[in-house]
Amino acid sequence: MAGPAFRAAAVRVRVPASSANLGPGFDAFGLALGLYDDVVVRVAESGLAVDIAGEGAETLPRTEDHLLVRSMRAAFDRLGGQPRGLEVVCANRIPHGRGLGSSSAAICAGIIAARAVTIGGPSVLDDDATLALATELEGHPDNVAACLRGGFTIAWTDEERASAIRLDPSEQVVPVVFIPSTEVLTETARGLLPRTVPLADAAANAGRSALLVEALTRQPELLLAATEDRLHQDYRAAAMPDSAALVAALRAEGVPAVISGAGPTVLALSDEAGADKLTEFGGSAFAVHRLQLDRAGASVLPLGL
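Going along each chain's sequence as written, the residues are numbered from 1 onward. Reporting of local features is limited, given that this is a predicted model, to residues whose pLDDT is at least 70; pairs of side-chain atoms are given and counted only at 80 or more, and all residues count toward the totals for whole chains, interfaces and linings. For side-chain calculations, the full set of non-hydrogen atoms in the structure is used, while hydrogens and water are omitted.

Colleague: Would you explain the pairing of strand 6 (residues 161-167) in this entry?
Modeller: On a regular strand, one side chain projects to one face of the sheet and the next to the other, so that they alternate. Any two strands with at least two DSSP-identified bridges between them are counted as paired. To qualify as a helix, a DSSP run of H or I must reach at least 4 residues; to qualify as a strand, a run of E must reach at least 2; elements of each kind are numbered from the N terminus. With 7 bridges joining them, strand 5 (residues 152-158) and strand 6 adopt antiparallel strand pairing. By the bridge assignment, Thr153 is partnered in strand 6 with Arg166.

This is the structure:
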């Protein structure tokens, strides 16, 4: 059988940052944030050329070991075959190792770019198959679901295949992120979690997770109660004491705040009136950014934008 045909023109893909867990929704909830990585990919005659600007420019490999390239290769395998060569240009804005879904963004960008440069790609690798592949590469679906779909996502794995639904978060919710200069590896944060937890804590998180769906989509005044967590944040506090202290300080002031993903970034879910006032909590240890909610997810954009 003949292999796939590829477009001669370059394609541009934009992928959003994401925050997983959102407090009680451990490994299930994700929220897409208006902070983006862009990648431009062109099928070339031969070889691999990778150019990186922004986050990770000094440390990321420019070889087949790059996560985005590995994700493209995996997608091309599903699409029927590899192109002769690739030219990849990355403009990275999502901080690495901070709990904002940088690895999920790279994976999703690679898969969507491979699909976009392959003629007929979206029909061969549809949205459900794209989510399944992204989850396979990432290991869990929460961040990749939000990155691919945008908005507020609830993801799960059934018989080893990932699924997700997307909901529209309330227009009143304004995300504010507090990004420290230090990294925490996801593997480190996961290594601090116990194998078992008290039944009362599990029950409390189940109730708060259900409440969070209502709070984030329709009743944001309930977000402080809805973002309470007992399953993971306290156990991970030793790896990010400044972030844990900031979450406690914000919540003491009535601000719904959580550790973003595996941390150490702190996510506050504010409103228009309160978002600008939160900068005073950052101090010198955190860079504070007021963001928009991303509602589009991973997108193929015109090159000129």
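Read on for the rest.
Colleague: What should I look at first to understand unusual backbone geometry in this one?
Modeller: Negative phi values dominate among residues other than glycine, just as trans dominates among peptide bonds. With an omega of 5°, the peptide bond running from Gly263 to Pro264 counts as cis. By the element assignment, Pro264 lies in the loop between strand 8 (257-259) and strand 9 (266-270). In this structure, Leu22 is a non-glycine residue whose phi angle is positive, near 55°. Burial classification: accessible surface area is computed with a 1.4 Å probe over protein chains only, and a residue below 20% of its type maximum counts as buried, one above 50% as exposed, and the rest as partly exposed. Residue class for Leu22 comes out buried when judged on its relative accessible area of 0%. Even without a glycine there, the phi angle at Asp27 is positive, about 60°. Mapped onto the secondary structure, Asp27 falls in strand 2 (residues 25-44).

Colleague: Sorry if this is basic, but what is going on with the packing of helix 2 (residues 102-117) against helix 4 (residues 127-138) here?
Modeller: Fitted lines through C-alpha atoms serve as axes, helices being fitted only where they are in contact, and the angles separating the N-to-C directions of these axes extend from 0 to 180 degrees. The geometry of helix 2 relative to helix 4 is characterised by a closest axis approach of 10 Å and an angle of 140° between their N-to-C directions. Taken together, the axes of helix 2 and helix 4 lie oblique to each other. Judged by the sense of rotation from one axis to the other, the crossing of helix 2 with helix 4 is right-handed. From helix 2, Ser103, Ser104, Ile107, Cys108, Ile111, Ile112 and Arg115 reach across to helix 4, where they touch Asp127, Thr130, Leu133, Ala134, Leu137 and Glu138. Here the residues of the contact of helix 2 with helix 4 sort into 7 nonpolar, 3 polar and 3 charged. Angle categories: roughly parallel below 35 degrees, roughly antiparallel above 145, roughly perpendicular from 65 to 115, and oblique for all the rest. Rotating anticlockwise by less than a right angle from the far helix to the near helix defines a left-handed crossing, while the corresponding clockwise rotation defines a right-handed one. In what follows, residue pairs with any heavy atoms lying within 4.5 Å of each other are defined as contacts. Basically, the charged four are Asp, Glu, Lys and Arg, the nonpolar ten are Ala, Val, Leu, Ile, Met, Phe, Trp, Tyr, Cys and Pro, and anything else, Gly included, counts as polar.

Colleague: How should I be thinking about the nonpolar core in this particular structure?
Modeller: Note that soluble globular proteins tend to have their nonpolar side chains buried in a common cluster. The criterion is simple. A nonpolar core is a set of buried Ala, Val, Leu, Ile, Met, Phe, Trp, Tyr and Cys residues joined through side-chain atoms within 4.5 Å. Judged by nonpolar contacts, the single largest core of 67 residues is most densely connected at Val41, Met72, Val88 and Leu216. Per element, the largest residue contribution to this core is 11 residues, and it comes from helix 2. Listed in part, the 18 residues of the second largest apolar core include Leu250, Val255, Leu278 and Phe286.

Colleague: Mind showing me how you'd approach the side chain of Asp142 here?
Modeller: Tracing the sequence through the fold places Asp142 in helix 5 (residues 142-149). Summary of buried charges: Asp142 has no salt-bridge partner, and the nearest side chain of opposite charge, Arg190, is 5.1 Å away. Setting aside anything within four residues of it in sequence, one finds Asp142 in contact with Ala20, Asn21, Asp27, Ala28, Phe29, Gly30, Thr153 and Ala155. In this charge count, Lys and Arg are treated as positive and Asp and Glu as negative; neither His nor the chain ends contribute. Salt bridge, as applied in this entry: a Lys or Arg side-chain nitrogen positioned within 4 Å of an Asp or Glu carboxyl oxygen.

Colleague: Looking at this model, I keep getting lost on the sheet that holds strand 10 (residues 286-290). Mind explaining?
Modeller: Picture the strands of a sheet paired through backbone hydrogen bonds; they go either parallel or antiparallel. Read across the sheet, 4 strands follow the order 8-9-7-10 without closing on themselves; strand pairing throughout is antiparallel. A strand with exactly one partner marks an edge of an open sheet, and here the two such strands are strand 8 and strand 10. Neighbouring strand axes in the sheet, compared pairwise and without regard to direction, differ in orientation by 20° on average. Direction of pairing for strand 8 relative to strand 9: antiparallel, over a ladder of 3 bridges. Residue Ala257 lies in a different strand from strand 9, and its bridge partner there is Ala268. Sitting on the sheet, helix 10 (residues 241-252) touches strand 7 (174-180), strand 8, strand 9 and strand 10, and the angle it makes with strand 8 is about 165°.

Colleague: Would you explain the packing of aromatic side chains in this entry?
Modeller: The relative placement of two aromatic rings is captured by the distance of their centres and the angle of their planes. Side-chain rings of Phe, Tyr and Trp (the six-membered ring for Trp) are treated as a pair once their centres are within 6.5 Å; stacked means planes under 30 degrees apart, edge-to-face means over 60, and tilted covers the remaining angles. A full pass over the atoms with the stated rule returns 2 aromatic pairs. Measuring from ring centre to ring centre gives 5.6 Å for Phe6 and Phe76, while their planes differ by 90°; the resulting arrangement is edge-to-face. Of the two residues, Phe6 is situated in the segment before strand 1 (11-21) and Phe76 in helix 1 (residues 67-79); the sequence distance between them amounts to 70 residues. The class for Phe6 is partly exposed, based on a relative accessible area of 22%.

Colleague: Looking at this structure, how should I read helix 4?
Modeller: Multiply 1.5 Å by the residue count of a helix minus one, and that product is the helix's expected span. Between its first and last C-alpha atoms helix 4 spans 16 Å; for 12 residues at 1.5 Å apiece the expected length is 16 Å, and the two agree. The inward-facing, buried residues of helix 4 abut helix 1, helix 2, helix 5 and strand 6. The N-terminus of helix 4 is capped by Asp126, whose side-chain oxygen sits 3.2 Å from the backbone nitrogen of Asp128. Positive phi appears at Gly139, one or two residues downstream of helix 4, with a value of about 105°. Side-chain atoms alone can form a polar contact between residues adjacent in sequence; in general such a contact is a pair of N or O atoms within 3.5 Å, and within protein one must be able to donate a hydrogen while the other accepts it.

Colleague: What's the story with the pattern of salt bridges in this structure? I'm lost.
Modeller: Oppositely charged side chains can form a pair if their charged atoms are brought close together. Scanning the entire structure with this criterion turns up 19 salt bridges. The residue Arg290 makes a salt bridge to Asp276 at a minimum N-O spacing of 3.0 Å. Of the two residues, Arg290 is situated in strand 10 and Asp276 in the loop between helix 11 (272-275) and strand 10; the sequence distance between them amounts to 14 residues. The class of Asp276 is exposed, set by a relative accessible area of 51%. Put simply, Arg12, Arg14, Asp38 and Arg93 are held in one network by salt bridges that share partners.

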